[in-house]
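Topology and contacts: notes
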Amino acid sequence: MPSRCSSDLWKSIYEVLLEYKKQQNMEWKVVLENFENISETYIRKKVQSESEYKRNFDQAWKSCKGKLYEYVVYSFIKEILEKNNISSIRVKTEEELGEREKESVLIHNWDTIMPDTDLVLERNSRILAILSCKTSLRERLTETAFWSYMLRTSSDNRVEIVFVTTNKDDELQHKNNRYIIQHIVDATLITNKEKYNQFIKTIEANYKDKKDLRDFLSKIYNVDTFIEYIRKFDKES
């Protein structure tokens, strides 16, 4: 997770998040679906009003917001694994990975390289999928595509790449990004339900005559359907 988020600021953000979740009696799924609204209109304002970082808060917040999003995605996946009684698969942060797990995705080429791993799904110390969690795409999706390519060509083990995003600015609809999530990454989770529905509607309207449209859309998940992506690994165990 991003290192630029100071421990003091992260502690404040984390505590406000848990306080809000408890007050609203929310499941992590609901927090994740409404992440942009909750993080910007409640958590950011409350933390900023009490923060010592007032002058440089915008930059500090950007650094911590990515970490916050990863944590909510992590908590959501733990929640759905427990609800669906899937005990063979676990979600982990990069910091929680052991040496054996890291070895399953290391790329060996002159040096030993560890791919960018926000979160992973693992079973029996083998990484099944790497989850790249980004609230804003910009160049991030290209980075994810790069690691997907490198893992396919340089790693002995087949590891899937999942792109996780709120798609807040509808950037996935841009043709370059659409190509990447269709042909390069293995699956995409759009965590905002409204943005997911808008994405599906736009793609169906723009590419309704394409024979492989259904195959493409089958790789796009929302918070209700992502459990189906995880279940395919559980069936393989």
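Each residue is numbered by its place in its chain's sequence as written, counting from 1. This being a predicted model, a pLDDT of at least 70 is required before a residue's local features are given, and a value of 80 or more before pairs of side-chain atoms are given or counted; all residues contribute to the totals for chains, interfaces and linings. With hydrogens and water set aside, each side-chain value is computed from the structure's full complement of heavy atoms.

**Quick word on the state of the cysteines**
Pairs of cysteine sulfur atoms within 2.5 Å are what we label disulfides. Taken as a whole and assessed by the stated rule, the structure comprises one disulfide. Paired by a disulfide, Cys5 and Cys64 hold their sulfur atoms 2.0 Å apart. Where Cys5 bonds to Cys64 through sulfur, the torsion about that S-S bond is close to 100°, and the disulfide is right-handed. Residue Cys5 is found in the segment before α1 (7-24), and its partner Cys64 is found in helix α4 (residues 57-83); the two are separated by 59 residues along the sequence. Helix and strand labels come from DSSP, where a helix needs a run of H or I of at least four residues and a strand needs a run of E of at least two; each type is numbered from the N terminus.

**Focus: the packing of aromatic side chains**
To pair, rings of Phe, Tyr and Trp, with the six-membered ring standing in for Trp, must have centres within 6.5 Å; the planes then decide the type, stacked if under 30 degrees apart, edge-to-face if over 60, and tilted in the middle. All chains considered together, the criterion is met by 13 aromatic pairs. The interplanar angle of 55° and the centroid separation of 5.0 Å between the aromatic rings of Phe35 and Tyr69 together place this pair among those described as tilted. Of this pair, Phe35 sits in helix α3 (residues 35-50) while Tyr69 is found in helix α4, placing the two residues 34 residues apart along the sequence. The class for Tyr69 is buried, based on a relative accessible area of 1%. Each ring, one from Phe226 and one from Tyr229, has its centre 5.4 Å from the other, and the planes form 20°; the classification is stacked. Of this pair, Phe226 and Tyr229 are both found in helix α10 (residues 226-236), three residues apart, which corresponds to roughly one turn of the helix. The cut-offs for exposure are 20% and 50% of the maximum accessible area for each residue type, with area from a 1.4 Å probe on protein chains only; residues under the lower value are buried, those over the upper are exposed, and the others partly exposed. Judged by relative accessible area, Phe226 falls into the buried class, the value being 0%. Classification of Tyr229 as buried rests on a relative accessible area of 1%. Among the aromatic residues, those joined into a cluster by ring pairs are Trp10, Tyr14, Trp28, Tyr71 and Tyr74. Taking NZ or CZ as reference, Arg178 lies 5.1 Å from the ring centre of Tyr207, over its face. Whether a charge sits over a ring comes down to the Lys NZ or Arg CZ being within 6 Å of the ring centre and within 35 degrees of the ring normal.

**Focus: the environment of Arg140**
Locating Arg140 in the fold gives a position in helix α6 (residues 140-154). Take Arg140: its relative accessible area is 36%, and that puts it in the partly exposed class. Along the backbone, Arg140 and Asn177 are 37 residues apart, and their C-alpha atoms lie at a distance of 10 Å.

**Side note on the packing of α4 against α10**
Where α4 contacts α10, the axes come no closer than 11 Å and their chain directions differ by 65°. Put simply, α4 runs roughly perpendicular to α10. Read as a crossing pair, α4 and α10 show a hand that is right-handed. In this structure, α4 uses Phe76, Ile77, Ile80 and Leu81 to contact α10, whose residues at the interface are Phe226, Ile227 and Ile230. Classification convention: Asp, Glu, Lys, Arg as charged; Ala, Val, Leu, Ile, Met, Phe, Trp, Tyr, Cys, Pro as nonpolar; all other residues, Gly among them, as polar. For the contact of α4 with α10, the residue count by class is seven nonpolar, no polar and no charged. For helices, the axis comes from a line fit to the C-alpha atoms of the stretch in contact; other axes are also lines fit to C-alpha atoms, and the angle between any two N-to-C directions lies between 0 and 180 degrees. Each angle is binned into one of four classes, with values under 35 degrees roughly parallel, values over 145 roughly antiparallel, values of 65 to 115 roughly perpendicular, and all other values oblique. Left-handed describes a crossing in which the near helix is turned anticlockwise from the far one by less than a right angle; the clockwise case is right-handed. Residue contacts are counted whenever heavy atoms from the two residues lie within 4.5 Å of one another.

**A word on the pattern of salt bridges**
By salt bridge we mean one thing: a side-chain nitrogen of Lys or Arg within 4 Å of a carboxyl oxygen of Asp or Glu. Tallied over the entire structure, the rule returns 16 salt bridges. Measuring nitrogen to oxygen at the nearest pair gives 2.8 Å for the salt bridge that ties Glu40 to Lys65. Placement of Glu40 in helix α3 and of Lys65 in helix α4 is noted, with a sequence separation of 25 residues between them. A relative accessible area of 7% means that Lys65 is categorised as buried. Between Asp58 and Arg44 there is a salt bridge whose closest N-O contact spans 2.5 Å. With Asp58 in helix α4 and Arg44 in helix α3, the pair connects residues that are 14 residues apart, well separated along the chain. In this structure Asp58 comes out as partly exposed when scored by relative accessible area, which is 44%. Overall, the relative accessible area of 19% leaves Arg44 in the buried class. The network of salt bridges with shared partners includes Glu36, Glu40, Arg44, Asp58 and Lys65.

Geometric descriptors of this kind do not, in isolation, establish any biological role.
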